[in-house]
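Observations on the three-dimensional arrangement
The residues making up each chain are set out below.
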Amino acid sequence: MKLTKIIATGVLGFGLATANLYALDTNERLELLENAVIEQASTPAQKSAVSEYLANVAKEKTELAQALRDRARVSHGGKIISQINEQKELIRRAEALEREAQKYKKVSMSFAEAGKQVASN
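Computed from a predicted model, the values in this text were never measured in an experiment. Counting restarts for each chain: residues are numbered from 1 in the order of the written sequence. Whole-chain, interface and lining totals are the exception, using all residues; otherwise, since this is a predicted model, local features are given only for residues with pLDDT of at least 70 and side-chain atom pairs are given and counted only at 80 or more. Calculated side-chain values reflect all of the structure's heavy atoms, with hydrogen atoms and water omitted.

**Considerations on the overall build of the protein**
Only runs of H or I of at least four residues qualify as helices and only runs of E of at least two qualify as strands under DSSP, and these elements are numbered from the N terminus. Secondary structure assignment for the protein yields four helices and zero strands. The buried share of the protein, reckoned over its 121 residues, is 17%. Contacts are assigned to residue pairs with any non-hydrogen atoms lying within 4.5 Å of each other. Nonlocal contacts in the protein, meaning residues at least 24 apart in sequence, comprise 62% of its contacts between residues at least 6 apart. Burial status follows relative accessibility: with a 1.4 Å probe on protein chains alone, a residue under 20% of its type maximum counts as buried, one over 50% as exposed, and anything between as partly exposed.

**Points about the nonpolar core**
Membership of the largest hydrophobic core is limited to eight residues, which are Ala41, Val50, Leu54, Val57, Ala58, Ala101, Tyr104 and Phe111. Elements with a contribution of two residues or more to this core: α3 (44–73) and α4 (80–120). Per-element accounting of this core gives the leading share, four residues, to α3. The contact partners of Tyr104, leaving out residues within four places of it in the chain, are Glu34, Leu54, Val57, Ala58 and Lys61. Buried Ala, Val, Leu, Ile, Met, Phe, Trp, Tyr and Cys residues form a nonpolar core when they are joined through side-chain atoms within 4.5 Å.

**Focus on the side chain of Lys61**
Within the secondary structure, Lys61 is located in helix α3. When sequence neighbours within four positions are dropped, the list of residues in contact with Lys61 reads Leu97, Glu100, Ala101 and Tyr104.

**Digging into the side chain of Ser108**
Position of Ser108 among the secondary structure elements: in helix α4. The class for Ser108 is buried, based on a relative accessible area of 6%. Apart from the residues lying within four places of it in its own chain, the contact partners of Ser108 are Ser51, Leu54 and Ala55.

**Focus: α3**
In this model, α3 (30 residues) spans 43 Å end to end at C-alpha, consistent with the 44 Å of a helix rising 1.5 Å per residue. When we look at burial in α3, the residues that qualify are Lys47, Val50, Ser51, Leu54, Val57, Ala58, Lys61, Ala65, Leu68 and Ala72. Here the expected span of a helix is defined as 1.5 Å times the quantity of residues minus one.

**A closer look at the pattern of salt bridges**
Take a side-chain nitrogen of Lys or Arg and a carboxyl oxygen of Asp or Glu: if they are within 4 Å of each other, that pair is a salt bridge. Enumeration according to the criterion identifies five salt bridges in this entry. Note that Glu89 and Arg92 form a salt bridge whose closest N and O atoms lie 2.5 Å from each other. With Glu89 and Arg92 both in helix α4 and three residues apart, this pair spans about one turn of that helix.

**Examining a nonpolar patch on the surface**
Within this analysis, patches are made of residues with over 30% relative accessible area and no salt bridge. Like charges are joined at 9 Å or less; nonpolar side chains (Val, Leu, Ile, Met, Phe, Trp, Tyr) at 5 Å or less. Per-residue and other accessible areas were derived by the Shrake-Rupley procedure at a 1.4 Å probe size, with only the shown protein chains allowed to occlude residues. A surface patch of nonpolar side chains, amounting to about 300 Å² of accessible area, comprises Ile80, Ile81 and Ile84. Looking at where Ile84 falls in the secondary structure, it is placed in helix α4.

Structure, rendered in structure tokens:
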């Protein structure tokens, strides 16, 4: 009976330990899918669609960053130190989102230009 419990616990522990080795974060999956779509776009229509998608993602990230900045400005009451820490964290996240949005805009613009160049040839 003890041996069975030990074996079952060991198998369960081993399963849980190795299950997360292959798990990808949602952001990593999305980034991999976006990279695959970007690499596979070859026709002007595909490049235009990818450019539009990336521009929309950049817009969403910019809007979310602005919402985080607005939230950082609002006073919730409570301890001043925790409020300052929360404001710093919200601003840090907003800045990170804005950097990502700039990256998306840059790639979107390059795809838009590439689509126009191919269409004009």
